[in-house]
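One-letter residues, chain by chain:
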Amino acid sequence: MAEDTLYAHGVVGEDFAFNDRVAEVFDDMLHRSIPYYQTVVEAMAQLISRNCPKGGMIYDLGCSTGTTLLELSRRLPVDQFRYRGIDNAPAMLDKARKKSAMFSKSSLLTFNEEDITTCALPSAAAVICNYTMQFLRPITRLDFVHRIYSALPEDGVFFLSEKTISHAKRLNRNFIDIYHAFKRQQGYSELEIAAKREALENVLIPFSLEENISLLREAGFAEIEPYFKWFNFTAIVALKR
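Residues numbered from 1 in each chain as written. Predicted model: local features only at pLDDT ≥ 70, side-chain atom pairs only at ≥ 80, totals over all residues. Heavy atoms only, no water.

1. Some remarks on the overall build of the protein
Here is step 1 of the chain: Helix and strand counts for the protein come out as eight helices and seven strands.
Here is step 2 of the chain: Relative to the 2.2 N^0.38 estimate, which gives 18 Å for 241 residues, the radius of gyration of the protein is 17 Å and therefore close to what a compact globule would have.
Here is step 3 of the chain: Projecting the C-alpha coordinates of the protein onto the three principal axes gives extents of approximately 50 × 40 × 30 Å.
Here is step 4 of the chain: Buried residues in the protein amount to 52% of all 241 residues.
Here is step 5 of the chain: For the protein, the share of sequence-separated contacts (at least 6 apart) that also reach a separation of at least 24 residues comes to 77%.
Here is step 6 of the chain: Here the protein displays about 11,400 Å² of accessible surface, and carbon together with sulfur accounts for 52% of that area.
Here is step 7 of the chain: A distance of 3 Å separates the average location of the 28 positive side-chain charges in the protein from that of its 31 negative side-chain charges. (Helix = DSSP H or I, 4+ residues; strand = E, 2+ residues; numbered from the N terminus. Rg over C-alpha atoms; globule rule 2.2 N^0.38 Å. Buried < 20%, exposed > 50% of the residue type's maximum accessible area, 1.4 Å probe, protein only. Contact = heavy atoms within 4.5 Å. Areas by Shrake-Rupley, 256 points an atom, 1.4 Å probe, with all protein chains shown as cover. Lys, Arg positive; Asp, Glu negative; His and termini not counted. Charge placed at Lys NZ, Arg CZ, Asp CG, Glu CD.)

And the structure:
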């Protein structure tokens, strides 16, 4: 796993993008930047096993290097589900396919280069957006979630993990400070933290937990619950009824 040193010398002069440079270090970036990622995936596996029919397709929209689907395929019974990752970044998908082959999962996992906002989702039993929707323009998010709702069958499951903001200003500042302390513990310098934040400023636009739940409800989901929260990181599950 290549070490993430993209911002070791400060701002690189461009907004954050899922390009070849990011793909090369993305697994390390994920490990060091997303608190309790494995815990969220483990919880996701438990909810899938209780709610999704055997033989269904598990989609990961914005799958990057395929880590989520690989982890789910390890935790769930062999051949119980099929898995498909969708992303528009060729370098990320190349990594995902190589990892899938390395762990002998190529027959179970497929990865397609498509636009997650327009791709078809046939035979969907569950759809995952792990820290993906926050990169979509806010004005497009309701249509995006509504399309997922329409693609899911009765009792289908939607997983939404997002970086969130709090409208309680002092607590929001506390949460950001605690997250930066977490990143320092993972070996990132103050320069790297500041540079990454600046690169993401116009790219990652977070909603609050309440705004995300309202979006899900407006799209048609009736059963909606956060199943994990760590300061400004939130994972939500929504069932179609």
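Continuing now.
2. Quick look at the sheet that holds strand 6 (residues 223-230)
Here is step 1 of the chain: Taking strand neighbours across the sheet as the criterion, the seven strands line up as 3-2-1-4-5-7-6 in an open arrangement whose pairing is mixed. In the strand order of this sheet, the two ends are held by strand 3 (109-113) and strand 6, each with one partner. Strand-to-strand, the axes of this sheet are offset by a mean angle of 15 degrees, without reference to chain direction.
Here is step 2 of the chain: Across five bridges, the pairing between strand 4 (residues 124-130) and strand 5 (residues 157-163) is parallel. By the bridge assignment, Cys129 is partnered in strand 5 with Leu160.
Here is step 3 of the chain: Where helix 2 (residues 37-51) meets the sheet, it contacts strand 1 (57-61), strand 4, strand 5, strand 6 and strand 7 (233-239), and its direction lies at approximately 155 degrees from that of strand 6. (Pairing = 2+ DSSP bridges. Axes fitted to C-alpha atoms, helices over the stretch in contact; angles between N-to-C directions.)

3. What about unusual backbone geometry?
Here is step 1 of the chain: One non-glycine residue, Asp79, adopts positive backbone phi at about 70 degrees.
Here is step 2 of the chain: In the Ramachandran plot, Phe231 falls in the positive-phi region, its phi being about 50 degrees despite a non-glycine side chain.
Here is step 3 of the chain: The residue Phe231 is located in the loop between strand 6 and strand 7 in this model.
Here is step 4 of the chain: In this structure Phe231 comes out as partly exposed when scored by relative accessible area, which is 30%.

4. Some details on the environment of Leu160
Here is step 1 of the chain: Tracing the backbone shows Leu160 in strand 5.
Here is step 2 of the chain: For Leu160 and Phe221, which are 61 residues apart along the polypeptide, the C-alpha to C-alpha distance reads 12 Å.
Here is step 3 of the chain: Look past the residues within four positions of Leu160 in its chain and what remains in contact with it is Cys129, Met133, Asn212, Leu216, Thr234, Ala235 and Ile236.

5. Re the nonpolar core
Here is step 1 of the chain: One finds Met29, Ile48, Ile58, Leu69, Leu72, Tyr83 and Phe159 to be the most contacted residues of the largest nonpolar core, which totals 53 residues.
Here is step 2 of the chain: With residues near it in sequence (within four places) discarded, Met29 still touches Asp4, Leu6, Phe16, Val22, Tyr188 and Lys196.
Here is step 3 of the chain: If you look at the next biggest cluster of nonpolar residues, it comprises 29 residues, including Leu61, Ile86, Tyr149 and Phe221. (Core = buried A, V, L, I, M, F, W, Y, C linked by side-chain atoms within 4.5 Å.)

6. A short note on the pairing of strand 7
Within a regular beta strand, the side chains point alternately toward one face of the sheet and then the other, so they alternate between its two faces.
Here is step 1 of the chain: With seven of its seven residues buried, strand 7 lies for the most part within the structure.
Here is step 2 of the chain: Of the two faces of strand 7, the one carrying Phe233, Ala235, Val237 and Leu239 and the one carrying Thr234, Ile236 and Ala238 are both buried.
Here is step 3 of the chain: Sheet topology places strand 6 next to strand 7; seven bridges connect them, and they run antiparallel. For Lys229, the partnering residue across the bridge sits in strand 7 and is Thr234.
Here is step 4 of the chain: The hairpin turn running from strand 6 into strand 7, its antiparallel successor, is two residues long, and Phe231 in that turn takes a positive phi close to 50 degrees.

7. A word on the packing of helix 2 against helix 3 (residues 67-75)
Two quantities define a packed helix pair, namely the angle between the helix axes and the distance between the axes.
Here is step 1 of the chain: Look at helix 2 against helix 3: their axes get within 10 Å of each other, and the N-to-C directions meet at 55 degrees. What the angle tells us is that helix 2 and helix 3 run oblique. Of the two elements, helix 2 crosses helix 3, and the hand of that crossing is right-handed. From helix 2, Tyr37, Gln38, Val41, Glu42, Met44, Ala45 and Ile48 reach across to helix 3, where they touch Thr67, Thr68, Glu71, Leu72 and Arg75.
Here is step 2 of the chain: Looking at the contact of helix 2 with helix 3, its residues break down into six nonpolar, three polar and three charged. (Parallel < 35°, antiparallel > 145°, perpendicular 65-115°, else oblique. Left-handed = near helix turned anticlockwise from the far one by under 90°. Nonpolar A, V, L, I, M, F, W, Y, C, P; charged D, E, K, R; others polar.)

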